[in-house]
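Architecture at a glance
What follows is each chain in one-letter form.
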Amino acid sequence: MGAIKDLVDLADKLNTSIMDRKTRELLLPLKEAATEAQREIFYAERKHAEEMDKLKAENTTLRAQIDQQPKAEFFPKTGTWIESSTGIHYCPRCRQNGKWSPMQTAKYGWSCPSCDKYAEDPANPGPTSLPPNYDRGTRIL
Ligand SMILES: [Zn+2]
């Protein structure tokens, strides 16, 4: 706000050093406009600082939420999200609703305690799963 303050100071100086009444009357709107501009800048800066504080707080909250989310990748083979550092599977159905629900290990896959979604482990198929080369009805090739 240095330039506006300089302008206000200059208008003050002119107002006090010029003795001619008509010239002083001409200078008066200049001083008032400079003072008003100084006031507007003051309030704009204060409002800006308040908005910055609000955005910083929001950013801190969002950063904390991001840090709490698992670093998981989607694995099409299992149909689940897997956090590589822990091996935890996360439910794809709950993920679609914006939640990270860790799945529980089941006998032949994983189940979600939140929504009951079941994901089969392709490396450990259950007895109801048919091998890909199973000939329905007669024999296993
Ligand atoms: Zn779920």
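The sections below set out a description of the structure shown in this document. Fair warning: this is a prediction, and the values are worked out from it, not measured in the lab. (Residues numbered from 1 in each chain as written. Predicted model: local features only at pLDDT ≥ 70, side-chain atom pairs only at ≥ 80, totals over all residues.)

**Comments concerning the overall build of the protein chain**
- Within the protein chain, the secondary structure is distributed over three helices and six strands.
- Counted from the first residue to the last, the protein chain has its helices and strands arranged as α-α-β-β-β-α-β-β-β.
- Burial status across the protein chain gives 7% buried among its 141 residues. (Helix = DSSP H or I, 4+ residues; strand = E, 2+ residues; numbered from the N terminus. Buried ≥ 20, exposed ≤ 12 C-beta atoms within 10 Å, placed from the backbone.)

**Section: the sheet that holds strand β1 (residues 72–75)**
- With antiparallel pairing, the three strands of this open sheet are ordered in space as β1-β2-β3. One side of each edge strand has no neighbouring strand; the edge strands of this open sheet are β1 and β3 (89–90).
- In terms of strand pairing, β1 meets strand β2 (residues 80–83) through four bridges, oriented antiparallel. Residue F74 lies in a different strand from β2, and its bridge partner there is W81. (Pairing = 2+ DSSP bridges.)

**Looking at the pairing of β2**
- Taking the residues that link successive antiparallel strands as the turn, the β1-β2 hairpin has four residues, and the phi of G79 there is positive, at about 75°.
- As judged from the two bridges shared by β2 and β3, these two strands associate in the antiparallel manner. Residue pairing for β3: W81 is matched across the bridge by Y90.
- Turn length for the β2-β3 hairpin, with the two strands adjacent in sequence and antiparallel, is five residues, and the turn residue G87 shows positive phi of about 80°.

**Some points on unusual backbone geometry**
- Even without being a glycine, D116 presents a positive backbone phi close to 70°.
- With respect to the element layout, D116 can be found in the loop between β5 (109–111) and β6 (118–120).
- Owing to 9 C-beta atoms within 10 Å, D116 belongs among the exposed residues under this scheme.

**What about helix α1 (residues 2–17)?**
- An ideal rise of 1.5 Å per residue puts 22 Å on 16 residues; α1 measures up with 22 Å between its terminal C-alpha atoms.
- Little of α1 sits inside the fold, with zero of its 16 residues counted as buried. (Expected span 1.5 Å × (residues − 1).)

**Focus: the sheet that holds β5**
- Overall, antiparallel pairing links the three strands, which are arranged β4-β5-β6 in an open sheet. Of all strands in the sheet, those bounded by a partner on one side alone are β4 (104–106) and β6. Between one strand and the next, the sheet's axes are offset by a mean angle of 25°, whatever the strand orientation. (Axes fitted to C-alpha atoms, helices over the stretch in contact; angles between N-to-C directions.)

**A look at the packing of α1 against helix α2 (residues 21–68)**
- Between α1 and α2, the least distance of the axes is 9 Å, while the angle of their chain directions is 155°. Relative to α2, the element α1 lies roughly antiparallel. The two elements α1 and α2 meet at a crossing, and its hand is left-handed. Of the residues in α2, those in contact with I4, K5, L7, V8, A11, D12, L14 and N15 of α1 are R24, L27, L30, K31, A34, T35, A37, Q38 and I41.
- Counted by class, the contact of α1 with α2 contains 10 nonpolar, three polar and four charged residues. (Parallel < 35°, antiparallel > 145°, perpendicular 65-115°, else oblique. Left-handed = near helix turned anticlockwise from the far one by under 90°. Contact = placed C-beta atoms within 7 Å. Nonpolar A, V, L, I, M, F, W, Y, C, P; charged D, E, K, R; others polar.)

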